[in-house]
Amino acid sequence: MGLNAPAHAAGYGTPTLSLSASYLSGAVGATGDPVVTVTVGQSGADVSALTVVASASTKSSVAGTGDVTVTGTGATRQVAVVAHGRGYTDLTLKLTGLGGKSVTKTLHYAASAAVQSASDTRYFTGSSDASAAVDVGGGYVVVADDESNTLRLYDRSASGAPVKTWDFSSQLGVSKEIDIEGAARVGNTIYWTGSLGNNKDGEYKADRNTVFTTTVTGSGAATQLALGRSYKKLRDDLVAWDRANGDRYGFAAATAAGQAPKQIDGFNVEGLEFAPGSTTTAYVGFRAPLVPPANGGKALIVPVTNFDKVIANGVKAVFGAAIELDLGGLSIRDIRKNSADQYLVVAGSWAADDNSDPYALYSWDGVATHAPVKLRDLPTSDPGGWEAVVDVPDLSVPGARAQLITDAGSADLYGDGTDAKDLTHPEWKKSRATWFTVTG
């Protein structure tokens, strides 16, 4: 029977249409937004004769039918959407089969606002609360989330969902969020740390006092992680060390019941990296406190000189002399170095709700007596706070670029007053990864 046979003579089955995701997020003016894969079929029909189009939109000011592009002619097609405005729309995708038969599916689409440096921006979906990131080579990065214990592997060059995920909660013996905030890699070992602080209500949650390792095998899209060892007493060790040194930084008071962590005199860890030339001494960087706790205070780093043994053998932490960095009255949101011991420090506010507060990027050589150098301010008009540096380029080269990632959990991405972390559908949650020129 030919493809142009009358419908009443055709013996075609009911067309089938399925979507790889029912929810999709884009951004106005974005480059490389994620797409949805459509799988089509109809018994008795050549799939190349089946057509897929967008037939309706509930809010064309966000994206209309003409903003939907379907590519491919086989059993799988790619659907891309270009956003014109911030908000939500339901797009109807219609498959027209042979024999006069058709079927439709709804794609729930959300678009966030345009941002600065759109061509250098990608969106990592599935989570909005990126808090730490580690490069694993081949153009891929493992990203932690401070609202869950899931580690996610992303293609650094593309917007979209994670390639792989890992959640070691059961193996770590935790049931609540670790509040992962910092990470550092030595060889094939990645060290991850919780914030170590109380929760936002000032309550002690033991799971946040967790530091653990993962072992990396492979690289790029083939990266695999396996759980290593863990330690759950670093907060206790820090408080005891500070008490033994005259309560200089107020750790005991800041960790007391009822004390929120994100205060100028609070207790909240957000950075982790190793000292220059060392695989044993780790720098623990604090979002709070500032020292002294006043405007113009300095950011705090406490070196743990036996960090490898703390995690591997469970011995008590030994601390070196604290380091106080002048970051223009800001505190540490991330710290990362390269193999040449060149550091980038993301500086931001200690405050809990700081989406509009200043952020800046500093370089440093990791030497306690040397001052960091401000490289640039970071944009604050876009939603989310800067939380992670993926890796550090050669800072001696003019025009070097680094990729930074936001925690957008408290951002109203789509203009409906909903924080991203509270969105119902994970596909609409996202963090923004942007390349910035950091030298020259």
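Residue numbers restart at each chain and count upward from 1, following the sequence in its written direction. Per-residue local features of the predicted model are confined to residues with pLDDT of at least 70, and side-chain atom pairs are confined, for both listing and counting, to 80 or more; whole-chain, interface and lining totals are unaffected and use all residues. Only heavy atoms go into the side-chain values, all of them from the structure, while hydrogens and water stay out.

Going by an unreviewed UniProt entry, the protein chain carries the name DUF3616 domain-containing protein and comes from Streptomyces melanogenes.

Draft legend 1. Representation of the pattern of salt bridges within the structure. One speaks of a salt bridge when a side-chain nitrogen belonging to Lys or Arg is within 4 Å of a carboxyl oxygen belonging to Asp or Glu. One pass over the structure, following the stated rule, counts 19 salt bridges. A salt bridge links Arg208 to Glu177, with the shortest nitrogen-to-oxygen separation between them at 3.0 Å. Of this pair, Arg208 sits in the loop between β15 (189–194) and β16 (211–217) while Glu177 sits in the loop between α1 (169–172) and β14 (180–186), placing them 31 residues apart in sequence. Residue Arg208 is classed as buried on the basis of its relative accessible area of 11%. Put simply, Glu270, Arg287, Arg333 and Glu387 are held in one network by salt bridges that share partners. The helix count covers DSSP runs of H or I at least four residues long, the strand count covers runs of E at least two residues long, and both are numbered beginning at the N terminus. Each residue gets one of three labels from its accessible area relative to the maximum for its type: buried under 20%, exposed over 50%, partly exposed in between, using a 1.4 Å probe on protein chains only.

Draft legend 2. Spatial organisation of the sheet that holds β15. The strand order across the open sheet built from 4 strands is β14-β15-β16-β17, with neighbouring strands paired in antiparallel fashion. Taken across any chain shown, the strands that pair with only one partner, and hence form the sheet edges, are β14 and β17 (224–231). Strand-to-strand twist of the sheet, defined as the mean angle between neighbouring strand axes without regard to direction, takes the value 25°. When DSSP finds two or more bridges between a pair of strands, those strands are recorded as paired. Both β16 and β17 contribute to a ladder of 6 bridges, which runs antiparallel. To define axes, lines are fitted to C-alpha atoms, for helices over the stretch in contact only, and angles between the resulting N-to-C directions are given on a 0 to 180 degree scale.

Draft legend 3. Spatial organisation of the packing of aromatic side chains. Aromatic rings from Phe, Tyr and Trp, with only the six-membered ring used for Trp, were paired whenever their centres fell within 6.5 Å, and each pair was classed as stacked if the ring planes differed by under 30 degrees, edge-to-face if by over 60, and tilted otherwise. As enumerated under the stated definition, the model contains 20 aromatic pairs in all. Their ring planes at 35° and their centres at 5.8 Å tell us that Tyr283 and Trp364 sit as a pair that is tilted. Of the two residues, Tyr283 is situated in strand β19 (residues 282–288) and Trp364 in strand β24 (residues 359–364); the sequence distance between them amounts to 81 residues. Here Tyr283 matches Trp364 in class, with each residue buried. Summarising the aromatic geometry, the rings of Trp386 and Phe436 are spaced 5.2 Å apart at their centres and angled 80° between planes, so their arrangement reads as edge-to-face.

Draft legend 4. Fine view of the environment of Tyr123. With respect to the helices, strands and loops of the structure, Tyr123 is situated in strand β9 (residues 121–125). We classify Tyr123 as buried; its relative accessible area is 8%. Linking Tyr123 and Ala27, residues 96 residues apart in sequence, is a C-alpha distance of 8.8 Å. For this analysis, residues touch if any pair of their heavy atoms sits within 4.5 Å. Excluding residues that lie within four positions of it along the chain, Tyr123 makes contacts with Ala27, Asp33, Ser112, Ala113, Val115, Ala158, Ser159, Gly160, Lys430, Ser431 and Arg432.

Draft legend 5. Quick look at the pairing of strand β8 (residues 102–112). Two strands pair when backbone bridges link them, and strand β2 (residues 23–27) and β8 are joined in this way by 5 bridges, in the parallel orientation. Counted as the bridge partner of Leu24 is Tyr109 from β8. Direction of pairing for strand β7 (residues 87–96) relative to β8: antiparallel, over a ladder of 10 bridges. By the bridge assignment, Leu93 is partnered in β8 with Lys105. The hairpin formed by β7 and β8 contains 5 residues between the paired strands, and Gly99 there has a positive phi angle of roughly 80°.

Draft legend 6. Expanded view of the side chain of Asp129. With respect to the helices, strands and loops of the structure, Asp129 is situated in the loop between β9 and β10 (130–137). Think of it this way: Lys and Arg go in the positive column, Asp and Glu in the negative one, and His and the chain ends go nowhere. With no salt bridge to any partner, buried Asp129 finds its closest opposite charge in Lys421, at an N-O distance of 4.0 Å. Those residues in contact with Asp129 that lie beyond four places of it in its chain are Ala144, Asp145, Asp146, Glu147, Asp407, Gly409, Lys421 and Ser431.

Draft legend 7. Examining unusual backbone geometry more closely. Following Ala288, the chain continues into Pro289 via a peptide bond in cis, with omega recorded as 10°. With respect to the element layout, Pro289 can be found in the loop between β19 and β20 (299–304). Going from Val291 to Pro292, the amide bond is cis rather than trans, its omega being -15°. On the secondary structure map, Pro292 appears in the loop between β19 and β20. Here Asp179, not a glycine, exhibits a phi torsion of approximately 60°, which is positive. Tracing the backbone through its elements, the reader meets Asp179 in the loop between α1 and β14.

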